[in-house]
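Chain and residue survey
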Amino acid sequence: MAHRNISRLVNKVAVITASTDGIGFAIAKRFAAEGAKVVVSSRKPENVSNAVNKLKNDGFSNVIGVKCHVSDANDRKNLFDETLKNFGKIDILVSNAAVNPVVGPVLACPEDAWDKIFDVNVKASFLLAKEVTPILRDETNGSIIFVSSYAGLNPFPLIGAYSVSKTALIGLTKALAQNLAPENIRVNCVAPGIIRTKFGSVMYESETAHEAALSMIPMNRLGEVEDISGLVAFLASDDAAYITGETIVAAGGMPSRL
Ligand code: NAP
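The structure reproduced in this document is the subject of the present report. (Residues numbered from 1 in each chain as written. Predicted model: local features only at pLDDT ≥ 70, side-chain atom pairs only at ≥ 80, totals over all residues. Heavy atoms only, no water.)

A word on the sheet that holds strand β2 (residues 37-42). Strand order in the open sheet made by the seven strands is β3-β2-β1-β4-β5-β6-β7, with parallel pairing throughout. Where the open sheet ends on each side, the last strands, each with one partner, are β3 (63-67) and β7 (247-250). Strand after strand, the sheet turns through a mean of 20 degrees between neighbouring axes, direction not considered. Of the pairings in the sheet, the one linking strand β5 (residues 143-147) to strand β6 (residues 186-192) comprises five bridges and is parallel in character. From the neighbouring strand, V147 faces β6, where its bridge partner is V190. (Pairing = 2+ DSSP bridges. Helix = DSSP H or I, 4+ residues; strand = E, 2+ residues; numbered from the N terminus. Axes fitted to C-alpha atoms, helices over the stretch in contact; angles between N-to-C directions.)

This next bit is on the site of the ligand. Near the ligand you find 29 residues, and of these I23, S42, R43, Y162 and T197 are the closest. Here an oxygen atom of the ligand and a side-chain polar atom of T20 are 2.7 Å apart. Interatomic distance of 3.2 Å between a backbone N/O atom of F199 and an oxygen atom of the ligand. Considered on its own, the ligand offers 890 Å² of accessible surface; in the complex 93% of this is hidden by protein. Looking at the shell around the ligand, the elements with two or more residues in it are α1 (22-33) and α5 (160-180). Grouping the amino acids of the shell around the ligand by side-chain chemistry returns 13 nonpolar, eleven polar and five charged. (Near = heavy atom within 4 Å. Polar contact = N/O pair within 3.5 Å; in protein donor to acceptor, adjacent residues only side chain to side chain. Areas by Shrake-Rupley, 256 points an atom, 1.4 Å probe, with all protein chains shown as cover. Nonpolar A, V, L, I, M, F, W, Y, C, P; charged D, E, K, R; others polar.)

Next comes the structure, spelled out in structure tokens:
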């Protein structure tokens, strides 16, 4: 995919959770390419250092990495503390981490799996937003972006409980956007369709699943991580200065409703 040479995030500092692979890594790379200072993070320190090295090898020097399991309060505190220590401020939070430990309809989800899904996908996003807001208040144009899913608007039976957790993020976006709009902190959400990543592979890895996925997508192709990273960069930038409380679907034309 051709990279457009634009620099909308110069002088911005961005923290992106779950950003050592897949969509999060693509967002980190796109933000860095648009001039942001970027903090990559995920649970495994070796993944964090590999991601930082890859970005540095690509010529992006304003990048640091911090290990952060989003459900761990100490890790979240350390993520923001290290960002402030290295870059002095935070303008943008992208809350991108999610888990999906079970496959099947909502009522087949065991209680412990439900708790895990909501702990990582919803509660950690809420806590990250709560903890970063006092820091964003020190800047003039703060921005929070949640990574939800097309499944949050139209639940997929295969990933029932996960779909519900992603619906909750759309509600969190609307509620927080109302609260924070008077302070010029914008809160938006993206809802990717089926994107070619490790996490998304359950939706397309067998030939049957791949055909079934393509049959749902009017554009007749799976999404690529760059289909999402450009959208997130737009929402983080001043080009989206009058947009808050929105969930933008990027799903190759799959119809959405909420
Ligand atoms: P991915 O390629 O599998 O990457 C997952 C990333 O998350 C890795 O960097 C992983 O690194 C990190 N991670 C996992 N659990 C974490 C935790 N508890 N705390 C912090 N980091 C964690 O996944 P992806 O497809 O890009 O998914 C990213 C987001 O997009 C998720 O919110 C997902 O729900 C959403 N999404 C994906 C699709 C799709 O089709 N791919 C569609 C809609 C929405 P470590 O192992 O080092 O932690």
